[in-house]
Amino acid sequence: MQFPIERFRGQSTPFYYYDLDLLDRTLRAVTEASGYPGFKVHYAMKANANPAVIQRIARAGLGVDAVSGGEVEAALLNGFSAGKIVFAGVGKTDAEIEAALRAGIACFNVESEAEFEVIEDIARRLNVKAPVAFRVNPEIDAHTHHYITTGLAENKFGVSMQMLAPLIDRAISSDVIDFRGLHFHIGSQITDFAPFGLLCDRINAIQDEYESRGIHFATINVGGGLGIDYDDPDAHPVPDFKSYFDIFHRRLRLRPGQELHFELGRAIVAQCGSLITRVIYVKKGVERRFAIVDAGMTDLIRPALYQAHHNMENITAATGAPVLDYDVVGPICESSDVFGKDEHLPEVRRGDLLALRSAGAYGEVMASRYNLRQLPGSLCSD
Ligand code: LLP
């Protein structure tokens, strides 16, 4: 990736840099690869809610998957129409449900019986019909990090298969519920596509079973989860959307008129973002060499939280500088505040700028003010 170093020099660090051309290329690839009848892509806004980024995504025609009242509001403010918003999450508050019903969003992905009852009550009070899908645990192992695997048997997400049938009966017979269908999500950063195929098989079986009882689903939502190449972002700046959507096209038996919804977050925004940070000190230990940078786990928490690794570049290195090994660490008073150990980087000097790559997803949105630090800024390509 080419960085506009001159623009960076006057910028206070750390900040997120977004390459909007790459975002546009990615959006074109998603749109092209998902062009099958009935396929609709919703952007999972939890991955990145930077206004410049989400406005681009809205303009490309995608819908949005929101998980809080704040995200529903941000979607409406930044160009998504209410009819393109789905609202998921295990803990929607009464106020969030009411605001979403008033706005006229497309669907609530409901995760428990208790939540269903509250939506019914609020819809009745407002005298509107609430569009509802149920999130189901398909019990498929997505072979990803345990913090981001969500499709297995008992966890806080979704309802079990046994509990689904009575809930569907209640939804269908309710005068204030518009029953839409089913929602699934098996995990995130999935790079082995086999679990997506298994999800299709599972959905086919569920559909057959319910159809034999006369129940039809207008929409099937398969969630998100398509992973990206953190190891070599320049080799794979745009994920393999074609293979991903083709699996669902080939393997999932959609019924006539049925819609298939996707909720992709990371795959859309990860590669276009980098965290730009300045080296404050180079510290020589007994055996190790540390590059102490002004970004920390408060700006990008993925390494500390999931042992994730983001590729690093010294983007202001002198030409021909020798490559040395550094532990790249942040300034936070936590020993987990480490971006990488033994990073091979062209010699790092005080004041150099490092780019932490593939940070467009779950980077800026997860920033915190721990240690009373400022939140990171952001800058977009022209
Ligand atoms: N739909 C549902 C119901 C989800 O829970 C998620 C992500 C998505 C869609 C979008 O998944 P994606 O396409 O981005 O994989 N903070 C973690 C990732 C958490 C993912 C949470 N759910 C990370 O930095 O890796």
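Check the entry above for the structure.
Residues numbered from 1 in each chain as written. Predicted model: local features only at pLDDT ≥ 70, side-chain atom pairs only at ≥ 80, totals over all residues. Heavy atoms only, no water.

A. Representation of the pairing of strand β7 (residues 177-183). Among the seven residues of β7, five are classified as buried, and the element is accordingly described as predominantly covered. Examined bridge by bridge, strand β6 (residues 130-135) and β7 share six bridges and lie parallel to one another. Within β7, the residue paired with A130 across the bridge is I177. Pairing analysis gives three bridges linking β7 to strand β8 (residues 219-221), with the strands arranged parallel. (Buried < 20%, exposed > 50% of the residue type's maximum accessible area, 1.4 Å probe, protein only. Helix = DSSP H or I, 4+ residues; strand = E, 2+ residues; numbered from the N terminus. Pairing = 2+ DSSP bridges.)

B. Molecular detail of the side chain of E263. For E263, the location among the structural elements is in strand β9 (residues 259-264). Of the buried charged residues, E263 lacks a salt bridge, with K46 as the closest side chain of opposite charge at 5.8 Å. What E263 contacts, discounting residues up to four positions off in sequence, is H42, A44, D65, V86, N109, H183, N221, G223, G224 and G225. (Lys, Arg positive; Asp, Glu negative; His and termini not counted. Salt bridge = Lys/Arg side-chain N within 4 Å of Asp/Glu carboxyl O. Contact = heavy atoms within 4.5 Å.)

C. Representation of the site of the ligand in the model. Not every one of the 19 residues close to the ligand is listed here, only the nearest: S188, E263, R302, Y306 and Y362. Measuring from an oxygen atom of the ligand, one finds a backbone N or O atom of G265 at 2.9 Å. Take R302: an N or O atom from its side chain is 2.6 Å from an oxygen atom of the ligand. Relative to its unbound accessible surface of 590 Å², the ligand loses 91% to contact with the protein. At the level of secondary structure, the elements contributing two or more residues to the shell around the ligand comprise β9 and α11 (302-306). Taken together, the residues of the shell around the ligand sort by class into six nonpolar, seven polar and six charged. (Near = heavy atom within 4 Å. Polar contact = N/O pair within 3.5 Å; in protein donor to acceptor, adjacent residues only side chain to side chain. Areas by Shrake-Rupley, 256 points an atom, 1.4 Å probe, with all protein chains shown as cover. Nonpolar A, V, L, I, M, F, W, Y, C, P; charged D, E, K, R; others polar.)

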